[in-house]
Amino acid sequence: MEYKPLSGRDFPRFSGIKTFFRLPIANINEDFDVALFGLPFDGGVSYRPGARFAPTSVRDYSSLGRSFSWSRGVSLFDTLRCADIGDCPTVPISREQTYAKIENFVTQLTAAKKKFISVGGDHSTTLPILRALKNTYGPVGLIHFDAHLDTYPAAWGEEFHHGSFLRHAVEEGLVDPTRSVQLGLRGPLAGGDDLDFVRKHKIPRFTVDDIRSKPLAEVCKNLPKFPQGPMYLSYDIDCLDPVYAPGTGTPVPGGLTTYETQHLLRALDVKTLVGADIVEISPPFDLAGLTALAGVDAAFEILCLMASGHATP
Ligand SMILES: [Mn+2]
């Protein structure tokens, strides 16, 4: 098996069974490098639901995906063997059972020595992924694209929701804060003390103001480098301005452009990216597929980033 997308020359891009990037469907233990899978769960949202439908929508729009990165000069699917392994099982009415299933699913992937991109799902799904990674790799470094800090306290008496994954990840020792960075943050916040957690743990941050205050090339040059240790990337689509990603649970005006996130992703210097997720795409609130397409674009850039190092931990 070659693990390459179905040719757009033989089968037009609107035809064929919809998998991520028209890749073959595979079992976890087959001989490929990177697994793409869906994570259809939105039981952790605090406002607009719908992210459970994201894997289907992103698969659909990924039929537009191409292989050759012009900026890197790399043919992605010649460098990395990628496959769609279907969806992680979830329980729509139980966050607890879903967390157990996600942790088990990702543990199988790491046991099979596979890197992966998960297409969520709301941001609460990142925590059980990080728990699974800790069992294999120890604490990982985190590259976190988001409008929100995601270090918020319990909501309605519930600790685990889509705005608290990072607080739990740090408190549980799943993430090494000093080997991490947050990008795309912006206000308004609930209160000034929202920043206490990230300040206390010294998590480096690039707000949208930080990114816009200098030429983009200069910002890209000054991003932190991650030359060692296993790294994980979590891409919340709401890092983008709602103009670029209207279909999301908690949109925040004043965000990044797709062009800026492309350049930030290309500028990252990461030796070993073991996994990534793209979360918070809500197709019922999408317009003309813009948000799903932005998710496809992020997936492509993240796969290119994985291909750029492709070191095994
Ligand atoms: Mn988030």
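To start, this report covers the structure provided alongside it. (Residues numbered from 1 in each chain as written. Predicted model: local features only at pLDDT ≥ 70, side-chain atom pairs only at ≥ 80, totals over all residues. Heavy atoms only, no water.)

### Brief notes about the sheet that holds strand 9 (residues 225–236)
At step 1: Ordered in space as 4-1-5-10-9-6-7-8, the 8 strands form an open sheet in which the pairing is parallel. Strand pairing shows two members of the sheet lacking a second neighbour, strand 4 (82–87) and strand 8 (205–207), which therefore form its edges. Recorded for the sheet is a direction-independent mean angle of 20 degrees between the axes of neighbouring strands.
At step 2: In this sheet, strand 10 (residues 269–279) lies alongside strand 5 (residues 115–120) in parallel orientation, the contact comprising 4 bridges. (Pairing = 2+ DSSP bridges. Helix = DSSP H or I, 4+ residues; strand = E, 2+ residues; numbered from the N terminus. Axes fitted to C-alpha atoms, helices over the stretch in contact; angles between N-to-C directions.)

### Some thoughts on the coordination of the manganese ion
At step 1: The coordination sphere of the manganese ion, as far as protein atoms go, consists of H123 (ND1), D146 (OD), D150 (OD) and D236 (OD), spread over 2.1 to 2.3 Å.
At step 2: Each donor residue of the manganese ion lies on one chain, and together they are spaced H-x22-D-x3-D-x85-D. For the pair D146 and D150, a shared accessibility class is recorded, and that class is buried. (Donors = N, O, S within 2.8 Å, 3.2 Å for Na, K, Ca; no water. Buried < 20%, exposed > 50% of the residue type's maximum accessible area, 1.4 Å probe, protein only.)

### Some remarks on the nonpolar core
At step 1: Ranked by size, the top nonpolar core spans 53 residues in total, and within it F21, I143, F145, L233, Y235 and L303 carry the most contacts.
At step 2: Broken down by element, this core gets its largest block of residues, 12 residues, from helix 10 (residues 290–309).
At step 3: In this structure L303 touches F21, V34, L36, L76, F77, L80, C82 and I117, once residues within four positions along its chain are discounted. (Core = buried A, V, L, I, M, F, W, Y, C linked by side-chain atoms within 4.5 Å. Contact = heavy atoms within 4.5 Å.)

### With respect to helix 1 (residues 54–61)
At step 1: Within helix 1, burial applies to A54, P55, S57, V58 and R59.
At step 2: If you follow the buried residues of helix 1, they end up packed against strand 1 (34–39), strand 4, strand 5 and helix 10.

### Overview of the packing of aromatic side chains
At step 1: Evaluated as defined, the whole model comprises 7 aromatic pairs.
At step 2: When the centroid spacing of 6.2 Å and the interplanar angle of 45 degrees are considered together, the rings of F116 and Y232 count as tilted. Here F116 is found in strand 5, whereas its partner Y232 is found in strand 9, with 116 residues between them in sequence.
At step 3: Put simply, the rings of F37, F105, F116 and Y232 pair up and form one aromatic cluster.
At step 4: The residue whose ring lies beneath K114 is F32, and the NZ or CZ to ring-centre distance is 4.8 Å. (Phe/Tyr/Trp six-rings, centres within 6.5 Å; stacked < 30°, edge-to-face > 60°. Lys NZ or Arg CZ within 6 Å of the ring centre and 35° of its normal.)

### Some remarks on the packing of helix 9 (residues 258–267) against helix 10
At step 1: For the pair helix 9 and helix 10, interaxial distance at closest approach is 9 Å and the crossing angle is 15 degrees. Taken together, the axes of helix 9 and helix 10 are roughly parallel relative to one another. Judged by the twist between their axes, the crossing of helix 9 over helix 10 is right-handed. On helix 10, the residues touching T258, Q262, L265 and R266 of helix 9 are A294, D297, A298, E301, I302 and L305.
At step 2: In terms of residue class, the contact of helix 9 with helix 10 is built from 5 nonpolar, 2 polar and 3 charged. (Parallel < 35°, antiparallel > 145°, perpendicular 65-115°, else oblique. Left-handed = near helix turned anticlockwise from the far one by under 90°. Nonpolar A, V, L, I, M, F, W, Y, C, P; charged D, E, K, R; others polar.)

### Brief notes about the packing of helix 1 against helix 10
At step 1: At a minimum axis separation of 9 Å, helix 1 and helix 10 run at an interaxial angle of 75 degrees. Classed by the angle they form, the pair helix 1 and helix 10 counts as roughly perpendicular. In this structure, helix 1 uses S57, V58 and Y61 to contact helix 10, whose residues at the interface are A292, L293 and V296.
At step 2: Of the residues contributing to the contact of helix 1 with helix 10, the split by class is 5 nonpolar, 1 polar and no charged.

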